2 protein chains.
Amino acid sequence: MDFATAIAQTCAGLEQHPEKGAATFRADHTLTGLTEVDAEIRTHRVTIDEPPSLGGADAGPNPVELVLAGLGGCQAIALRVWAAKLDIAFDHVRVRVEGDLDVRGFFGVDESVRPGFSAIRVRAEISGPEPHDRYDELYKAVEAHCPVQDIVTNGVPVTSELTVTDA
Amino acid sequence: MDFATAIAQTCAGLEQHPEKGAATFRADHTLTGLTEVDAEIRTHRVTIDEPPSLGGADAGPNPVELVLAGLGGCQAIALRVWAAKLDIAFDHVRVRVEGDLDVRGFFGVDESVRPGFSAIRVRAEISGPEPHDRYDELYKAVEAHCPVQDIVTNGVPVTSELTVTDA
């Protein structure tokens, strides 16, 4: 079965059984070094760390870089899925993401500075045989349906709690 | 130099030269497979993919899982940094993160369903020799200064643009 048919079947299935759309994703983290973190995501592992300029040993990307990677990866995958849905052919996709952040917020040096990004810029590039306006149509659909773009743009209710354990 | 001294020096430097707090982080992405994406983050690479249930080959965590990993990693590192700032000793840290998402939003099956997470839950665990109220004090500081928690909770202005290229 080709990808477009698989996506069409998935969508038809979700229309018939809307409750099957509900999913819960998880990641579990252990602080294994000074600032090194081992993230377990199903069968996958990602090492997270800070660069030396932020006190770490640079064993992996840092947390805010992972958010940018999530956003760029999400747009790239959404381009694939929505190109299949809209029957738009393409050859190559690249997505470059940048985020500006003032580390004074994280370190509490200035409490008026937000800890997170103040701005994120995404530049997607696509090549292929279709007229440009079809790619513009595709990218509008991607921007409207990309989960990470929604999360990062609109925010999510986060509940957090700390447990003090014995071990 | 121990970690607490290094963090104190970083903070003192940022107080004297606030302009040195400004940083730009980047990630570049290439769609290399059906839904497989190669993310380049400085010298690091992360493979992103979707599980078979979402049309992929599961070569890596998916984009929304990376956001959860960013959040858990960020809290773990913030616990380390703020424990040093507040002179709080601890032995072990774990952070478990879950996010609920209805995939009908991504697939455009129901345009009233948001594509991103509807809720995120974080459960951090810490062990160590201090009285519990010191860990509560520590976690309050972490929640207030964790960059990814700020990003995911409050959102960020995102600008995005598509370029149609020849190659």
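Regarding the overall build of chain A
From N to C terminus, chain A includes four helices and six strands. Put simply, chain A runs from its N terminus to its C terminus through helices and strands in the order α-β-β-β-α-β-β-α-α-β. At 19 Å, chain A has a C-alpha radius of gyration far larger than the 15 Å of a compact globule built from 167 residues. Seen through its principal axes, chain A has C-alpha atoms that stretch 50 × 35 × 30 Å. Each of the 167 residues in chain A was classed as buried or not, and the buried ones make up 46%. Pairs at least 24 residues apart make up 45% of the contacts formed inside chain A by residues separated by at least 6 positions.

What to know about the environment of V148 of chain A
Relative to the helices and strands, V148 of chain A is located in helix 4 (residues 147–154). Along the sequence, V148 of chain A and Q75 of chain A sit 73 residues apart, while their C-alpha atoms lie 8.1 Å from each other. Not counting chain neighbours up to four residues away, the residues in contact with V148 of chain A comprise G70, L71 and C74 of chain A together with P63, V64, V67 and G116 of chain B.

Observations regarding the pairing of strand 3 (residues 44–48) of chain A
Residue and element names in this part refer to chain A. Only one face of strand 3 is buried, namely the one carrying H44, V46 and I48, since none of R45 and T47 on the opposite face is buried. Summarising the sheet, strand 2 (residues 37–41) and strand 3 pair through five bridges and their orientation is antiparallel. Along strand 3, the bridge assignment pairs E40 with R45.

Quick look at the sheet that holds strand 3 (residues 44–48) of chain B
Judged by pairing direction, the sheet is mixed, and its six strands sit side by side in the order 3(B)-2(B)-1(B)-4(A)-5(A)-6(B) without closing on themselves. Each edge of the open sheet carries a strand with a single partner, namely strand 3 and strand 6 (158–165) of chain B. Averaged over all adjacent pairs, the angle separating strand axes in this sheet is 20°, with direction ignored. In the sheet, strand 5 (residues 119–127) of chain A pairs with strand 6 of chain B via eight bridges, with the strands oriented parallel. Looking at the pairing, E125 of chain A lines up with T163 of chain B of strand 6 of chain B. Together, strand 4 (92–102) and strand 5 of chain A together with strand 1 (22–31), strand 2 (37–41) and strand 3 of chain B form the strand contacts of helix 2 (residues 63–86) of chain A, whose direction differs from that of strand 1 of chain B by roughly 30°.

Here we look at the interface of chain A and chain B
The partner chain B presents 106 residues to the 107 residues of chain A that form the contact. Split by residue class, the side of chain A that touches chain B holds 57 nonpolar, 28 polar and 22 charged. Summarising the sheet, strand 6 (residues 158–164) of chain A and strand 5 (residues 119–127) of chain B pair through seven bridges and their orientation is parallel. Within the sheet, the bridge partner assigned to E161 of chain A lies in strand 5 of chain B and is R123 of chain B.

Quick look at the pairing of strand 2 of chain B
All names here are of chain B. Residue alternation in strand 2 divides its side chains into a buried set, V37, A39 and I41, and an unburied set, D38 and E40. The pairing of strand 1 with strand 2 spans four bridges and is classified as antiparallel. If you follow H29 over to strand 2, its bridge partner there is A39. The hairpin turn running from strand 1 into strand 2, its antiparallel successor, is five residues long. With antiparallel pairing between neighbouring strands as the criterion, strand 2 and strand 3 make up a hairpin whose turn holds two residues, including R42 at a positive phi of roughly 50°.

A closer look at the relation of the copies chain A and chain B
Mapping chain A onto chain B is achieved by rotating through 180° and translating by 0.0 Å along the same axis, at an RMSD of 0.0 Å. Here the symmetry operator amounts to a two-fold rotation axis. Scanning chain A for the C-alpha nearest the rotation axis identifies G155 of chain A, at a separation of 2.2 Å. Looking at chain A, 99% of its interface residues are interface residues in chain B too, so the copies touch through the same face.

Let's talk about the domain arrangement of chain A
Residue and element names in this part refer to chain A. When its domains are assigned, chain A resolves into domain 1 (20–61) and domain 2 (62–155). A separation of 21 Å is found between the C-alpha centroids of domain 1 and domain 2. Residue-level contacts link six residues of domain 1 with six residues of domain 2. For the side of domain 1 that touches domain 2, the per-class residue count stands at four nonpolar, no polar and two charged.

Details of the sheet that holds strand 4 (residues 92–102) of chain B
Backbone-to-backbone hydrogen bonds join strands into a sheet, with any given pair of strands oriented parallel or antiparallel. The six strands are arranged 3(A)-2(A)-1(A)-4(B)-5(B)-6(A) in an open sheet whose pairing can be described as mixed. Strand pairing shows two members of the sheet lacking a second neighbour, strand 3 and strand 6 of chain A, which therefore form its edges. Between one strand axis and the next, the sheet turns by 20° as a mean value, whatever way the strands run.

Considerations on the packing of helix 2 (residues 63–86) of chain B against helix 4 (residues 147–154) of chain B
All names here are of chain B. At their nearest, the axes of helix 2 and helix 4 sit 7 Å apart, and the two run at 135° to each other. In terms of orientation, helix 2 lies oblique with respect to helix 4. For the pair helix 2 and helix 4, the contacting residues are V67, G70, L71, C74 and Q75 in the first and P147, V148, Q149 and V152 in the second. For the contact of helix 2 with helix 4, the class distribution of residues is six nonpolar, three polar and no charged.

Basis of the calculations
- Each chain carries its own residue numbering, running from 1 in the direction its sequence is written.
- Chains and ligands are labelled by the order in which they are written, letters from A for the one and numbers from 1 for the other.
- Selection of residues for local features in this predicted model requires a pLDDT of at least 70, selection of side-chain atom pairs for listing and counting requires 80 or more, and totals for whole chains, interfaces and linings are taken over all residues.
- The secondary structure listing takes helices from DSSP runs of H or I that are at least 4 residues long and strands from runs of E that are at least 2 residues long, numbered from the N terminus.
- What the globule rule says is 2.2 Å times the number of residues to the power 0.38, and the radius of gyration is computed from C-alpha atoms.
- With C-beta atoms placed from the backbone, a residue is buried if 20 or more other C-beta atoms are within 10 Å of its own, exposed if 12 or fewer are, and partly exposed between those counts.
- We call two residues in contact if the C-beta atoms placed from their backbones are at most 7 Å apart.
- Pairs of strands are assigned from DSSP output, requiring at least two bridges between the strands.
- Angles here are taken between N-to-C directions and fall from 0 to 180 degrees, while the axes themselves are lines fitted to C-alpha atoms, restricted in helices to the stretch in contact.
- Charged means Asp, Glu, Lys or Arg here, nonpolar means Ala, Val, Leu, Ile, Met, Phe, Trp, Tyr, Cys or Pro, and polar covers whatever is left, Gly included.
- A least-squares fit on C-alpha atoms brings the copies together, and the residues used are those whose pLDDT is at least 70 in both copies.
- The split of the chain into domains comes from an automatic or database domain assignment.
- Geometric relationships in this document are graded by angle, where less than 35 degrees denotes roughly parallel, more than 145 denotes roughly antiparallel, 65 to 115 denotes roughly perpendicular, and other angles denote oblique.

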